[in-house]
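Spelled out, the chains give:
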Amino acid sequence: MRRTLALAALCIAGAALTAAPARASGTGGAELDAVHIDLGDRAALQRGAKLFINYCLSCHSASYMRYNRLGRDLGISDELIKKNLLFAGSQAGDLMVTTMPAEDSEKWFGVAPPDLSLTGRSRGAEWLYTYLRSFYIDDGAPSGWNNKLFENVAMPHVLYELQGVQRPVLGAEEEVMEGRLVTVEKIESFELVRPGKLTPAEYDRAVSDLTHYMVYMAEPAQLRRYTVGFWVVVFLLLLLAPAWLLKKEYWKDVR
Ligand code: HEC
């Protein structure tokens, strides 16, 4: 019995370890804001897909994703996809690629906007959620925008109409540099200097929706895996009763 328990504990620990998402470094020591991702929340995924197509696809591709796969997974009909989501000139079976040529975007931004198909996995949900809420106005930056999480980022704040314009509030912090204690200025918080179309709470929800969508997009099979996994567990539990009865029946004669 004890051995079975130990084995079960080992299995659970192993599953927990392999389930931990891969995450690239690069937070620069900045703190990430927590976001709860529930891939069963279809409404959030649908709202996120709409935001992604409207605000991100003009520069970024998501070239592992087809529009109609998205429709199938999120319960959006081909009709609705055609009417509301299709990017200029695309078909429902097309991959979600940007119409912006990479050479042009490189010329404009200095770097080509990376493909976002897998960013939900490589960066992780909390990183994305924090990143999209950390843009601030910066007159010294080429695009006029900077980001607390991704310093000197080449991407402009494309959601500023929704969020509004925020300015950093600086605070002094002591840091050890080359063995000496120095005072450096750090961004402590943000102050909204021009409100956007959404209230701060609504904006947080919109970014959470977008993060939901990007996490789903990085591994669309997750949705199916959850449903299949649930029924597999139900099946195994149902199997338990006949297996136990059968064992009793066999051992009756052995004893
Ligand atoms: C105007 C063009 C443009 C639009 C629109 C745009 N981006 Fe970007 N984005 C960029 C550029 C350029 C970079 C590269 C930044 C760099 O490396 O400095 C980038 C980088 C990123 C990164 C960092 C990727 C990484 O792992 O390093 C993420 C995440 C991202 N964008 C998300 C989004 C999302 C989500 C949207 C839609 C809300 C969006 N972007 C819309 C231009 C754009």
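The structure presented is a predicted model; accordingly, all values stated were derived computationally and were not measured. (Residues numbered from 1 in each chain as written. Predicted model: local features only at pLDDT ≥ 70, side-chain atom pairs only at ≥ 80, totals over all residues. Heavy atoms only, no water.)

## Considering the overall build of the chain
The helix and strand inventory of the chain stands at 10 helices and six strands. Taking all 255 residues of the chain together, the buried fraction comes to 33%. The long-range fraction of contacts in the chain, counting pairs at least 24 apart against all pairs at least 6 apart in sequence, stands at 67%. Surface exposure of the chain reaches about 16,600 Å², of which carbon and sulfur atoms provide 59%. (Helix = DSSP H or I, 4+ residues; strand = E, 2+ residues; numbered from the N terminus. Buried < 20%, exposed > 50% of the residue type's maximum accessible area, 1.4 Å probe, protein only. Contact = heavy atoms within 4.5 Å. Areas by Shrake-Rupley, 256 points an atom, 1.4 Å probe, with all protein chains shown as cover.)

## Some details on the pattern of salt bridges
Taken as a whole and assessed by the stated rule, the structure comprises 13 salt bridges. The salt bridge partner of Arg121 is Glu219, with a shortest N-O separation of 2.8 Å. Within this pair, whereas Arg121 is found in helix H6 (residues 119-122), its partner Glu219 is found in the loop between helix H9 (200-218) and helix H10 (221-254), the two being separated by 98 residues in sequence. Here Arg121 falls in the partly exposed class, since its relative accessible area comes to 43%. (Salt bridge = Lys/Arg side-chain N within 4 Å of Asp/Glu carboxyl O.)

## Let's talk about the site of the ligand
With respect to spatial proximity, 25 residues lie near the ligand, and among them Cys56, Cys59, His60, Ala154 and Met155 are the closest. His60 places a polar side-chain atom, nitrogen or oxygen, 2.8 Å from a nitrogen atom of the ligand. Among the elements that make up the shell around the ligand, the one with the highest residue count is helix H7 (residues 125-131) (three residues). (Near = heavy atom within 4 Å. Polar contact = N/O pair within 3.5 Å; in protein donor to acceptor, adjacent residues only side chain to side chain.)

## Digging into the coordination of the iron atom of the ligand
Around a metal, the idealised angle for a tetrahedral arrangement of four donor atoms is 109.5 degrees; for an octahedral arrangement of six donor atoms it is 90 or 180 degrees. For the iron atom of the ligand, the full set of protein donor atoms is His60 (NE2) and Met155 (SD), and the range of their distances to it is 2.0 to 2.1 Å. Of note is the iron atom of the ligand, whose six donor atoms meet at the metal with angles of 87 to 179° in an arrangement that counts as octahedral. Placement of the pair is His60 in the loop between helix H2 (42-55) and strand S1 (62-66) and Met155 in the loop between strand S4 (145-147) and helix H8 (160-163), with a sequence separation of 95 residues. Note on accessibility: His60 and Met155 belong to one class, buried. (Donors = N, O, S within 2.8 Å, 3.2 Å for Na, K, Ca; no water. Tetrahedral: all angles 85-135°; square planar, octahedral: opposite > 155°, others 65-115°.)

## Description of the pairing of strand S6 (residues 180-195)
Regular strands place side chains that alternate from one sheet face to the opposite one. Summarising the sheet, strand S5 (residues 164-177) and S6 pair through 14 bridges and their orientation is antiparallel. Across the sheet, Ala172 pairs through a bridge with Glu185, a residue of S6. Connecting the antiparallel pair S5 and S6 is a turn made up of two residues, with Glu178 showing a positive phi of about 50°. (Pairing = 2+ DSSP bridges.)

## A word on the packing of H2 against H9
At their nearest, the axes of H2 and H9 sit 7 Å apart, and the two run at 90° to each other. Relative to H9, the element H2 lies roughly perpendicular. Of H9, the residues touching H2 (which contributes Ala44, Leu45, Arg47, Gly48, Ala49, Leu51 and Phe52) are Arg205, Ala206, Asp209, Leu210, His212, Tyr213, Met214, Tyr216 and Met217. Considering only residue class, the contact of H2 with H9 consists of 11 nonpolar, two polar and three charged. (Axes fitted to C-alpha atoms, helices over the stretch in contact; angles between N-to-C directions. Parallel < 35°, antiparallel > 145°, perpendicular 65-115°, else oblique. Nonpolar A, V, L, I, M, F, W, Y, C, P; charged D, E, K, R; others polar.)

## What to know about the side chain of Thr119
Tracing the sequence through the fold places Thr119 in helix H6. Among the residues examined, Thr119 registers a relative accessible area of 13% and is labelled buried. Ignoring any residue separated from it by four or fewer positions in sequence, one finds Thr119 in contact with Gly124, Leu128 and Met214.

## Description of the packing of aromatic side chains
Under the definition given, this model contains nine aromatic pairs. Pairing Phe52 with Tyr213 gives two aromatic rings, centres 5.3 Å apart and planes at 45°, and the pair type is tilted. Note that Phe52 is positioned in helix H2 and Tyr213 in helix H9, a separation of 161 residues in sequence. Comparing Phe52 with Tyr213 shows no difference in burial state: the two are buried. Where Tyr131 meets Phe150, the ring centres are 6.1 Å apart and the plane angle is 45°; that geometry is what we call tilted. Of this pair, Tyr131 sits in helix H7 while Phe150 sits in the loop between S4 and H8, and the two are 19 residues apart along the sequence. (Phe/Tyr/Trp six-rings, centres within 6.5 Å; stacked < 30°, edge-to-face > 60°.)

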